[in-house]
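# Close look at the chain arrangement
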Amino acid sequence: MTDDLDLDELAADLADFAPQEKKGGRSPREERIIAGFEEIQRFVETQGRAPAHGESNDIFERLYAVRLDRLRGLEECRSLLAPLDKQGLLAVVVTPATEPVESIDDDELLAELEGMGAADITELRHVRTAADKRAAEEIANRTPCEDFDNFKPLFIQVKKDLDAGIRQTRRFQTMAEIKQGEFFIAGGQIVYVAEVGEEFVTEYDRRDSRLRVIYDNGTESDVLLRSLQRALHRDEAGRRITDPTAGPLFSGESEDGDLASGTIYVLRSKSDHPTVAAHRDVLHKIGVTGGDIARRIASAQQDPTFLMADVEVIATYELFNVNRTRLENLIHRVFDSARLDIEIKDRFGQPVIPREWFLVPLFVVNEAVDRIRDGTITDYLYDPKTAALVLDKTKVGHRERDQPRKT
């Protein structure tokens with residue numbers, strides 16, 4: 001059985017099938033028949049069609065289809081339900097079911113679900129619990145986010161970080177922790193947890209909190225933490241978006257992409273291209289390599305990456321146990337606003353747009369390397385207007401929102 005399903009929740013799911021007190025002169029059995037038929041009617045109202053059999057259909061639709069077949073096949077059920085059948089669901093009479101419509105207890109319901117295709121009924125993989133249904137309803141119940149302008153820069157930056165490889169997405173683990181300020185992907189949208197309310201205890205003696213969740217389409221919802229956990233876990237595409245600093249740039253342990261040492265290099269072009277010549281003193285190629293720089297630039301004249309011209313090495317910075325790809329992506333994100341927009345023809349005459357040239361003074365590159373070493377670089381961006389590294393306002397705003405709210 002899944003980690004997030006317990007006997008209390010299963011009991012809640014089965015509550016509709018439990019014996020009820022007699023109401024309005026009807027027997028408990030009649031009340032259950034009516035309640036079961038009303039569920040089918042709600043399905044028809046929502047889906048615009050009667051429930052159907054078929055392996056490709058939802059397990060509950062298939063259960064409703066079996067139930068409807070039984071109701072159609074029993075005269076006493078048709079007589080009881082005829083005044084309620086505004087949708088004409090009982091009009092089709094089928095061969096009477098082999099089993100009468102009767103009280104369904106927990107074991108019988110599970111057996112029926114198992115017979116309808118669940119791979120392993122002990123795990124109930126395809127059956128939505130009452131809690132799952134509530135979670136889906138909560139997440140679907142969204143309203144426009146009135147102050148979305150405050151959050152929009154965060155979403156823009158997260159998308160850039162994902163594209164650059166600074167952030168990654170990871171499968172959401174069952175009932176994993178959710179904190180204020182974290183990003184997720186749910187239902188194909190980026191989700192930001194803006195606020196986490198006071199913790200409380202549910203009727204099942206579980207701890208929970210109310211969240212303010214912002215979506216990248218400008219909406220928000222007020223959901224329970226456990227509801228978001230379930231939604232992320234149930235969603236095959238549900239993901240946690242890592243923090244920019246998740247995974248070290250510098251590490252004492254080896255992992256994919258780690259090197260014994262790496263070198264940040266700064267190159268200056270000798271190209272006679274008008275744009276390059278006009279900005280030669282501040283135009284630099286910034287990259288990271290684990291190999292020999294001299295060998296790397298030996299064929300610069302034949303490589304559009306080097307602007308089809310010789311280059312000179314202006315500066316190098318040796319780093320140890322560095323994740324080369326992550327570091328290079330980080331550097332390029334910091335200097336993205338100063339990236340050179342130029343098109344170069346390769347030796348076959350095909351247009352190429354180099355992506356590693358930046359209009360940045362060397363002293364700013366020096367400062368960036370210092371901030372890489374002390375771990376503060378993720379809080380900064382390059383401002384071309386002032387030719388300086390400045391605090392990233394989206395990160396500052398992020399931290400301010402992460403602070404506990406005063407009451």
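What you see is a predicted model; the values in this text were computed from it and never measured.

Criteria and thresholds
Residues numbered from 1 in each chain as written. Predicted model: local features only at pLDDT ≥ 70, side-chain atom pairs only at ≥ 80, totals over all residues. Heavy atoms only, no water. Core = buried A, V, L, I, M, F, W, Y, C linked by side-chain atoms within 4.5 Å. Buried < 20%, exposed > 50% of the residue type's maximum accessible area, 1.4 Å probe, protein only. Helix = DSSP H or I, 4+ residues; strand = E, 2+ residues; numbered from the N terminus. Contact = heavy atoms within 4.5 Å. Pairing = 2+ DSSP bridges. Axes fitted to C-alpha atoms, helices over the stretch in contact; angles between N-to-C directions. Polar contact = N/O pair within 3.5 Å; in protein donor to acceptor, adjacent residues only side chain to side chain. Phe/Tyr/Trp six-rings, centres within 6.5 Å; stacked < 30°, edge-to-face > 60°. Parallel < 35°, antiparallel > 145°, perpendicular 65-115°, else oblique. Left-handed = near helix turned anticlockwise from the far one by under 90°. Expected span 1.5 Å × (residues − 1). pLDDT = per-residue confidence, 0-100.

Bringing the nonpolar core into the picture now. In this structure, Ile 264, Ile 331, Phe 335, Val 360 and Leu 389 are the most contacted members of the largest nonpolar core, which totals 25 residues. Elements supplying a minimum of two residues to this core: β8 (261–269), β9 (283–289), β10 (311–320), α11 (324–334), α12 (362–374) and β14 (380–383). The element best represented in this core is α12, accounting for five residues. With residues up to four places along the chain from it excluded, the contact list for Phe 335 reads Ile 286, Phe 358, Val 360, Val 364, Val 365, Ala 368, Tyr 382 and Leu 389.

Read across the open sheet, the seven strands follow the order β1-β6-β5-β4-β3-β7-β2; overall the sheet is antiparallel. The sheet is open, and its two borders are formed by β1 (143–144) and β2 (169–171), each paired with just one other strand. Of the pairings in the sheet, the one linking strand β3 (residues 183–186) to strand β4 (residues 189–201) comprises four bridges and is antiparallel in character. For Ala 186, the partnering residue across the bridge sits in β4 and is Gln 189. Across the sheet, helix α7 (residues 152–164) lies against β2, β3, β4, β5 (207–215) and β7 (239–241), angled at about 120° from β4, the strand it touches most. In the packing of helix α8 (residues 225–234) onto the sheet, contacts are made with β2, β3, β4, β5, β6 (219–224) and β7, and the angle to β5 comes to roughly 65°.

This brings us to the side chain of Arg 339. With respect to the secondary-structure elements, Arg 339 resides in the loop between α11 and β11 (344–345). A distance of 3.1 Å separates a polar atom in the side chain of Arg 339 from a polar atom in the side chain of Asp 336. In terms of polar contacts, Arg 339 uses its side chain to reach the backbone carbonyl oxygen of Arg 355, at 2.2 Å. Not counting chain neighbours up to four residues away, the residues in contact with Arg 339 comprise His 332, Arg 355, Glu 356, Trp 357 and Phe 358.

The next point concerns the packing of aromatic side chains. Counted by the stated rule, this structure contains eight aromatic pairs. Considering the side-chain rings of Phe 151 and Tyr 192, the 5.8 Å spacing of their centres and the 50° angle between planes classify their relative orientation as tilted. Remark: Tyr 192 occurs in strand β4 and Phe 151 occurs in the loop between β1 and α7; sequence separation between them is 41 residues. Comparing Phe 151 with Tyr 192, the two get one shared label, buried. Chaining the aromatic ring pairs together yields one cluster made of Phe 148, Phe 151, Phe 155, Phe 183 and Tyr 192.

On to the environment of Asp 85, then. Checked against the element boundaries, Asp 85 lands in the loop between α4 (75–81) and α5 (106–115). C-alpha of Asp 85 to C-alpha of Gln 41: the two residues are 44 residues apart in sequence and 8.5 Å apart in space. Apart from residues lying up to four places away in sequence, Asp 85 is in contact with Phe 37, Gln 41, Leu 90 and Ala 91.

Another aspect to go through is the packing of helix α2 (residues 28–47) against helix α3 (residues 59–73). Relative to each other, α2 and α3 sit at 125°, their axes nearing to 10 Å. Considering their axes alone, α2 and α3 lie oblique with respect to each other. Pair α2 / α3 crosses with left-handed handedness. Residue-level inspection shows Ile 33, Gly 36, Phe 37, Glu 39, Ile 40 and Phe 43 of α2 in contact with α3, the latter providing Glu 61, Tyr 64, Arg 67, Leu 68 and Leu 71.

Once that is clear, we can look at α2. For α2, which comprises 20 residues, the first-to-last C-alpha distance of 29 Å matches the rise-based estimate of 28 Å (1.5 Å per residue) to within 8%. Within α2 the residues assigned to the buried category are Glu 31, Arg 32, Ile 33, Ile 34, Gly 36, Phe 37, Glu 39, Ile 40, Gln 41, Phe 43 and Val 44. In this fold, the buried residues of α2 make contact with α3 and α4. Note on α2: the residue one or two positions beyond its end, Gly 48, has a positive phi of about 75°.

Attention now goes to the confidence of the model for the chain. On average, residues of the chain score 77 in pLDDT, and 72% of them reach the 70 mark or higher. Confidence drops under pLDDT 50 across residues 1–5; counting only partners more than four residues distant or on other chains, this segment forms 14 contacts. In the model, residues 19–23 has pLDDT below 50 throughout and makes seven contacts with residues more than four positions away in sequence or in other chains.

A few words on the pairing of β6. Counting buried positions over the six residues of β6 gives five, a clear majority of the element. Note: β1 against β6, two bridges, orientation antiparallel. The residue of β6 that forms the bridge with Thr 143 is Glu 220. In this structure, β5 lies alongside β6, joined through five bridges in antiparallel fashion.

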